[in-house]
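Residues per chain are reported as follows:
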Amino acid sequence: KLLVVPVDGSHWLSMREVVDILRQRGHEVVVVAPEVSMHIKPSKNLVMKRYSVPYTKEEMDKDFKAFFLGSFEVGTSFGRFFHMREGMKTITAFWVSSCRHLLQNKELMSYLEESKFDAILTDPVVPCGAILAEHLSLPSMYFLRGIPCGLDFEATQCPNPPSYVPRVFTDLTDRMTFLQRVKNLLFDIPNVFLCDFAFEPYSRLASEFLQREVTVLDLLRKGSIWLLRLDFVLDYPRPLMPNIIPIGGVNCAHKELPQ
């Protein structure tokens, strides 16, 4: 009996394939999602529990579209970073608001507590599912492409040295000169601030809801299985822990190519 807490957008398009197969194999699947969403729609094949949120579809579409279009603008690396920072601040506000309304929905929370699920499947890029897993004392399976500022590396204790692993926006490869390694290290510094504003609201929400001091990193460290939607053809090779499984072929609804 599986509780699924998805993240909207392409995250859900990938997860939906897995959820459909799990259901076909006889697992009981319940999906929890906000009433306002881009791609998470009710389906006769899925048990879906919806909860209300304080924003409209138009508001969400407008801000997400601005964020995505801006991400592809050509500019300096630092310019792209600051644009992404502002965009993430807006997107984070939507997701935190959605998570808060889920946790404050007494009727839905009572249902989840009484349903006695065996596990939770969630994308930890929005750690609402991780908060629920802690509250319900459930083992969690993470289904993700990655987490901003390398929080997934830290949570799984995977080595991630900036002297060898290229950082986002640097346009570097894993073969760097000394000066390029210095540049790579400098580009890693803003991640500290990126993590603070992107995940601190979830830490506050989790602490308030669980009624004890807790950080997002504390919650992520409890992940039982990490299903990484990457492979080392596209991504640079990296050390993996035994509970990390690369599943790069599962990435949005795929179609068979003609011969």
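Further up the page is the structure itself.
Residues numbered from 1 in each chain as written. Predicted model: local features only at pLDDT ≥ 70, side-chain atom pairs only at ≥ 80, totals over all residues. Heavy atoms only, no water.

(A) Representation of the packing of helix H4 (residues 106-114) against helix H5 (residues 128-136) within the structure. Two numbers describe how H4 lies on H5: the axes approach to 10 Å, and their chain directions differ by 55 degrees. By the angle class used here, H4 and H5 are oblique. Between H4 and H5 the crossing geometry is right-handed. Across the interface between the two elements, Met109, Leu112 and Glu113 of H4 pack against Leu132, His135 and Leu136 of H5. Partitioned by chemical class, the residues of the contact of H4 with H5 number 4 nonpolar, 1 polar and 1 charged. (Axes fitted to C-alpha atoms, helices over the stretch in contact; angles between N-to-C directions. Helix = DSSP H or I, 4+ residues; strand = E, 2+ residues; numbered from the N terminus. Parallel < 35°, antiparallel > 145°, perpendicular 65-115°, else oblique. Left-handed = near helix turned anticlockwise from the far one by under 90°. Contact = heavy atoms within 4.5 Å. Nonpolar A, V, L, I, M, F, W, Y, C, P; charged D, E, K, R; others polar.)

(B) Examining the environment of Thr177 more closely. Considering the arrangement of structural elements, one finds Thr177 in the loop between helix H6 (151-156) and helix H7 (178-188). On the basis of relative accessible area, Thr177 is assigned to the partly exposed category, the value being 45%. For Thr177 and Ser163, which are 14 residues apart along the polypeptide, the C-alpha to C-alpha distance reads 9.9 Å. (Buried < 20%, exposed > 50% of the residue type's maximum accessible area, 1.4 Å probe, protein only.)

(C) A look at the nonpolar core. Among the nonpolar cores identified, the biggest contains 60 residues, and Leu3, Leu112, Leu132, Leu151, Phe199, Leu220 and Trp226 are the most heavily contacted of them. Sorting elements by how many residues they give to this core places helix H8 (residues 190-210) first, with 9 residues. When residues no more than four places from it in sequence are discounted, the contact partners of Phe199 are Val125, Pro127, Ile147, Pro148, Cys149, Leu151 and Val216. One finds Val19, Met48, Leu121 and Phe143 within the second-largest nonpolar core, a separate group that totals 16 residues. (Core = buried A, V, L, I, M, F, W, Y, C linked by side-chain atoms within 4.5 Å.)

(D) Spatial organisation of the packing of aromatic side chains. Inspection of the entire model under this criterion finds 5 aromatic pairs. Relative to Phe94, the ring of Tyr55 lies with its centre 4.8 Å away and its plane at 85 degrees, an arrangement referred to as edge-to-face. One end of the pair, Tyr55, is in the loop between strand E3 (47-51) and helix H2 (57-71); the other, Phe94, is in helix H3 (residues 77-103), and 39 residues separate them in sequence. The exposure classification of Tyr55 matches that of Phe94, with both residues buried. With 5.9 Å between their ring centres and 75 degrees between their planes, Phe64 and Trp95 make a pair best called edge-to-face. Taken as a pair, Phe64 in helix H2 and Trp95 in helix H3 lie far apart in primary sequence, 31 residues in all. On the accessibility criterion, Trp95 (21% relative accessible area) is partly exposed. What links up through ring pairs into an aromatic cluster is the set Tyr55, Phe64, Phe94 and Trp95. The ring of Tyr111 is capped by Lys49, whose NZ or CZ atom sits 4.5 Å from the centre of that ring. The ring of Tyr164 is capped by Arg181, whose NZ or CZ atom sits 4.9 Å from the centre of that ring. (Phe/Tyr/Trp six-rings, centres within 6.5 Å; stacked < 30°, edge-to-face > 60°. Lys NZ or Arg CZ within 6 Å of the ring centre and 35° of its normal.)

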